Amino acid sequence: HLQWQLGHGESPGQSRAHGRWRGPRDVDQWLQILFGKSYEWMVTQWIPHALAFEDGSVCAVSIRAGEGVGKKLFVNGLAECLENPVTASAEDMTGTYQYGLLKSPFIVVDEGWPVSDRYAKNNVADVFRRLVTGGHMEANQRYSAPISMTIAPRVIITANNNSILDVFNSTKATTIDDQRAL
């Protein structure tokens with residue numbers, strides 16, 4: 001059983017920002033390996049915020065770890081917190097149809113960005129920025145009218161190296177302010 005516990009005198013709202021991780025020792029050791037130097041921030045800040053859907057948007061997270069460490073296991077664990085434990089993919093961000101965005105707040109970009117004809121209208125950096133900030137979007141469906149929705153997705157980028165992030169430096173986001181924002 002995994003949980004984040006409140007400290008003495010903390011309200012539920014504070015618990016998300018200052019909660020203490022409580023879980024089995026082997027899971028804790030795995031999370032330390034997976035997150036490395038970011039372990040403390042991930043378990044006390046990002047994960048609790050990512051699971052607080054009612055609080056709105058949360059920053060995207062990039063998890064770079066070696067092959068077989070458990071990046072997909074972590075993402076699947078987050079999805080298990082949902083009534084319908086599914087994730088959306090990068091294709092749902094950049095593709096013609098966004099079925100995954102209708103089913104899950106967790107958007108997983110695993111090892112690379114899909115090549116899509118939607119890039120002609122929106123480059124990856126633009127779509128990423130729009131998704132991470134949340135708000136109003138339209139999800140296109142085949143043979144149906146687009147669905148208008150308000151979303152606050154949790155974008156999780158997983159990879160064995162940093163090359164997946166190069167797309168942000170090679171797009172229209174060429175100013176230093178654009179690159180810092182991304």
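Residues numbered from 1 in each chain as written. Predicted model: local features only at pLDDT ≥ 70, side-chain atom pairs only at ≥ 80, totals over all residues. Heavy atoms only, no water.

**Q** I tried to follow the overall build of the chain on my own but got confused; where do I start?
**A** If you tally the helices and strands in the chain, you get eight helices and eight strands. Out of the 182 residues belonging to the chain, those deemed buried represent 41%. If you take every contact in the chain between residues at least 6 apart in sequence, the share linking residues at least 24 apart comes to 56%. When the accessible area of the chain is evaluated, it comes to approximately 10300 Å², of which 51% is carbon and sulfur surface. (Helix = DSSP H or I, 4+ residues; strand = E, 2+ residues; numbered from the N terminus. Buried < 20%, exposed > 50% of the residue type's maximum accessible area, 1.4 Å probe, protein only. Contact = heavy atoms within 4.5 Å. Areas by Shrake-Rupley, 256 points an atom, 1.4 Å probe, with all protein chains shown as cover.)

**Q** I keep staring at the packing of aromatic side chains and nothing clicks. Help me out?
**A** In this description, a pair of aromatic rings is defined by centroid distance and the angle of the planes. By the definition in use, this model includes three aromatic pairs. Aromatic pair Tyr-97 and Tyr-99: ring centres 6.1 Å apart, planes at 35°, arrangement tilted. Taking relative accessible area as the criterion, Tyr-97 reaches 28% and is therefore assigned partly exposed. (Phe/Tyr/Trp six-rings, centres within 6.5 Å; stacked < 30°, edge-to-face > 60°.)

**Q** What should I look at first to understand the side chain of Thr-44 in this one?
**A** Residue placement: Thr-44 occurs in helix α3 (residues 39-50). Side-chain polar atoms of Thr-44 contact the backbone oxygen of Glu-40, separated by 2.6 Å. (Polar contact = N/O pair within 3.5 Å; in protein donor to acceptor, adjacent residues only side chain to side chain.)

**Q** Please clarify how the environment of Phe-53 should be interpreted in this entry.
**A** Relative to the helices and strands, Phe-53 is located in the loop between α3 and β3 (61-64). Expressed as a C-alpha distance, the spacing of Phe-53 and Pro-105, which sit 52 residues apart in the sequence, is 8.5 Å. What Phe-53 contacts, discounting residues up to four positions off in sequence, is Leu-82, Pro-105, Phe-106 and Arg-154.

**Q** What exactly am I supposed to notice about unusual backbone geometry here?
**A** A negative phi angle is the norm for most residues apart from glycine, just as the trans form is the norm for most peptide bonds. Even without being a glycine, Tyr-143 presents a positive backbone phi close to 60°. Among the secondary structure elements, Tyr-143 is positioned in the loop between β6 (135-141) and β7 (144-151). Tyr-143 gets classed as exposed once you look at its relative accessible area, which sits at 80%.

**Q** Looking at this structure, I do not really get helix α7 (residues 124-133). What am I missing?
**A** Each α-helix winds once per 3.6 residues, and so residues spaced three or four apart point in a common direction. Those residues of α7 that fall on the buried side of the exposure criterion are Val-124, Ala-125, Val-127, Phe-128, Leu-131 and Val-132. Looking straight down α7, one finds that the buried residues subtend no more than 165° of arc, so they occupy a single side. Contact partners of the buried residues in α7: α5 (90-94), α6 (99-103), β5 (106-110), β6, β7 and β8 (154-159). (Arc of directions from axis to C-beta.)

**Q** What is the right way to read the pairing of β6 from this model?
**A** The side chains of a regular strand alternate, first on one face of the sheet and then on the other. Of the strand pairs in this sheet, β6 and β7 are connected by six bridges, and their pairing is antiparallel. Each bridged residue has a counterpart across the sheet, and for Gln-141 the counterpart in β7 is Ser-144. Here β6 hands over to β7 after two residues, with Tyr-143 in that stretch at a positive phi of 60°. (Pairing = 2+ DSSP bridges.)

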